[in-house]
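Survey of secondary and tertiary structure
Here are the chains, one letter per residue:
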Amino acid sequence: MKLLLHACCGPCSLEPVRLLLEEGHDITIAFANSNIQPSEEYDHRLQTLLTWANEEGIPVVDFPYDPAAWHEFAGVIQLTGGPRTERCRRCYHMRLEEAAAYAATHGFEALSTTLAVSPYQLFDICHEELVDVCDRWNLTPIWQDFRPYYPEATRRSREAGMYRQNYCGCAYSKAEADAERAARKAQRARQNAEREAAEAHERAERNAKRAAYDAKQRAKKAARNAARAAAKAEAAAQAQPEHATMQHIPSEESEEA
Ligand code: SF4
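Looking at an unreviewed UniProt entry, one finds the protein chain named Epoxyqueuosine reductase QueH, with Denitrobacterium detoxificans as its source organism. Looking at the protein chain in UniProt, the text filed under Catalytic activity (unreviewed entry) is "epoxyqueuosine(34) in tRNA + AH2 = queuosine(34) in tRNA + A + H2O".

See below:
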């Protein structure tokens, strides 16, 4: 099928592209991601994707970057206190809608997205939005669970030295990812402190037991030495008076004299 593949970034494209090519699809990549902030980050992700796609000979359509429009449509949910699920649903919808409109007007038959490789995305909501835009633009949605291939995508992208971002894309997701990382770090520090305290306690107990054992052994040895000395002294004392009596008792002969 002539397939337009919406791609969120280079690393997430590796495995879906490999699998979809194996299935015989004719792939063009659509970089439609006005959610990414700041603009330097957008450029970095786009350049990473372009470099790789160029090496692979896969065409890329670079959509206009319009973060203000994204904020008006999806980011606004955050400001009104809406849930992340709704913010992300709108975000998926906006990006896939742009890609679907392009696909339908440029001879494509099907639409898919690399978002289905990331375990961090809202899989079912993303699927619903893909099906919705494809229905309206008369395209075939190609939806597969690429998530089992995420570790391989991570390995390959690391091996290739690709830039790998550590947050989804919008400024809210960056703040959320930073907070989650800080919470994980604090938890690790707490666990380390608890483990070290437990180890120190065990060490102190072991040392106290050893010290008590050593003291007991020393006391036993001292008692043994004292008993030996006492026995020796007693033996010496018993030997001494016999000798003295022999010297001082007068003989019967001398008494008679
Ligand atoms: S977290 Fe990701 S999917 Fe959700 S709104 Fe932000 S950029 Fe879009």
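A short note on the overall build of the protein chain
A tally of regular secondary structure across the protein chain gives 8 helices and 5 strands. Scaling as 2.2 N^0.38, a compact globule of 257 residues should have a C-alpha radius of gyration of about 18 Å, whereas the protein chain reaches 42 Å, well beyond that. Overall, the protein chain is about 155 × 45 × 30 Å in size when its C-alpha atoms are taken along their principal axes. Counting the 257 residues in the protein chain, one finds 34% classified as buried. Partitioning the contacts of the protein chain with sequence separation of at least 6, the portion at a separation of at least 24 is 73%. Taken as a whole, the protein chain presents about 15,400 Å² of accessible surface, with 53% of it coming from carbon and sulfur.

Here's the deal with the nonpolar core
A general tendency of soluble globular proteins is for nonpolar side chains to be buried together. Formed by 48 residues in total, the largest nonpolar core has its most connected members in Ile27, Ile29, Trp52 and Leu111. Counting residues per element, the ones that place at least two in this core are strand 1 (2-6), helix 1 (14-22), strand 2 (26-31), helix 2 (39-56), helix 4 (84-105), strand 4 (110-113) and helix 5 (123-137). Judged by nonpolar contacts, the second largest core, of 6 residues, contains Ala74, Cys91, Cys170 and Tyr172.

Considerations on the packing of aromatic side chains
For the coordinates displayed, the defined rule picks out 6 aromatic pairs. On the numbers, 4.0 Å between centres and 20° between planes, the contact of tyrosine 42 with tyrosine 65 is stacked. You can see tyrosine 42 sitting in helix 2 and its partner tyrosine 65 sitting in the loop between strand 3 (60-62) and helix 3 (67-79), a full 23 residues away along the chain. With relative accessibility at 27%, the residue tyrosine 65 sits in the partly exposed group. For the ring pair tyrosine 120 and tyrosine 150, a centre distance of 6.0 Å and an interplane angle of 80° mean the geometry is edge-to-face. Residue tyrosine 120 is found in the loop between strand 4 and helix 5, and its partner tyrosine 150 is found in helix 6 (residues 150-159); the two are separated by 30 residues along the sequence. Residue classification places tyrosine 150 among the buried positions, given a relative accessible area of 18%.

Brief notes about the sheet that holds strand 4
Strand order in the open sheet formed by 5 strands is 3-2-1-4-5, with parallel pairing between adjacent strands. Whereas interior strands pair on both sides, the edge strands pair on one side only; in this sheet they are strand 3 and strand 5 (140-141). Packed onto the sheet, helix 1 meets strand 1, strand 2 and strand 4 and runs at close to 155° relative to strand 2. Most of the contacts of helix 2 go to strand 2, to which it runs at about 165°, and overall it touches strand 2 and strand 3.

Digging into the packing of helix 1 against helix 6
Where helix 1 contacts helix 6, the axes come no closer than 8 Å and their chain directions differ by 110°. The orientation of helix 1 relative to helix 6 falls into the category roughly perpendicular. Across the interface between the two elements, Leu14, Glu15 and Arg18 of helix 1 pack against Glu152, Ala153, Arg156 and Ser157 of helix 6. Residue composition of the contact of helix 1 with helix 6, grouped by class: 2 nonpolar, 1 polar and 4 charged.

Topic: a positive patch on the surface
Taken together, Lys216, Lys220, Lys221, Arg224 and Arg228 make up a surface patch of like positive charges. Following the sequence through the fold, arginine 228 ends up in helix 7 (residues 171-248).

Observations concerning the pattern of salt bridges
Under the defined criterion, the tally for this structure stands at 16 salt bridges. Between arginine 136 and glutamate 97 there is a salt bridge whose closest N-O contact spans 2.6 Å. With arginine 136 in helix 5 and glutamate 97 in helix 4, this pair connects stretches of sequence that are 39 residues apart. Measuring nitrogen to oxygen at the nearest pair gives 2.8 Å for the salt bridge that ties arginine 155 to glutamate 152. Pair noted here: arginine 155 and glutamate 152 are both in helix 6, with a separation of 3 residues, about one helical turn. You can call glutamate 152 partly exposed: its relative accessible area is 28%.

Details of the side chain of glutamate 129
With respect to the helices and strands, the residue glutamate 129 is situated in helix 5. According to the relative accessible area criterion, glutamate 129 is buried, its value standing at 8%. When neighbours within four sequence positions are excluded, glutamate 129 is seen to be in contact with Arg89, Tyr92, His93 and Leu96.

With respect to the UniProt feature "binding site: [4Fe-4S] cluster" (unreviewed entry) in the protein chain
As annotated by UniProt and renumbered to match this structure, "binding site: [4Fe-4S] cluster" (unreviewed entry) occupies Cys8, Cys9, Cys88 and Cys91. Residues from the annotated list that form part of the lining of the largest pocket: Cys8, Cys9, Cys88 and Cys91. In this fold, cysteine 8 is placed in the loop between strand 1 and helix 1. Using a relative accessible area of 11% as the deciding quantity, one classes cysteine 8 as buried.

The rules behind each value
Residues numbered from 1 in each chain as written. Predicted model: local features only at pLDDT ≥ 70, side-chain atom pairs only at ≥ 80, totals over all residues. Heavy atoms only, no water. UniProt positions renumbered as here; feature names shortened; annotations may be inferred. Helix = DSSP H or I, 4+ residues; strand = E, 2+ residues; numbered from the N terminus. Rg over C-alpha atoms; globule rule 2.2 N^0.38 Å. Buried < 20%, exposed > 50% of the residue type's maximum accessible area, 1.4 Å probe, protein only. Contact = heavy atoms within 4.5 Å. Areas by Shrake-Rupley, 256 points an atom, 1.4 Å probe, with all protein chains shown as cover. Core = buried A, V, L, I, M, F, W, Y, C linked by side-chain atoms within 4.5 Å. Phe/Tyr/Trp six-rings, centres within 6.5 Å; stacked < 30°, edge-to-face > 60°. Pairing = 2+ DSSP bridges. Axes fitted to C-alpha atoms, helices over the stretch in contact; angles between N-to-C directions. Parallel < 35°, antiparallel > 145°, perpendicular 65-115°, else oblique. Nonpolar A, V, L, I, M, F, W, Y, C, P; charged D, E, K, R; others polar. Patch = residues over 30% accessible without salt bridge, like charges linked within 9 Å, V, L, I, M, F, W, Y side chains within 5 Å. Salt bridge = Lys/Arg side-chain N within 4 Å of Asp/Glu carboxyl O. Lys, Arg positive; Asp, Glu negative; His and termini not counted. Charge placed at Lys NZ, Arg CZ, Asp CG, Glu CD. 1 Å grid on protein atoms, 1.4 Å probe; cavity = no way out; pocket = protein on both sides within 12 Å on 5 of 7 lines; lining within 4 Å.

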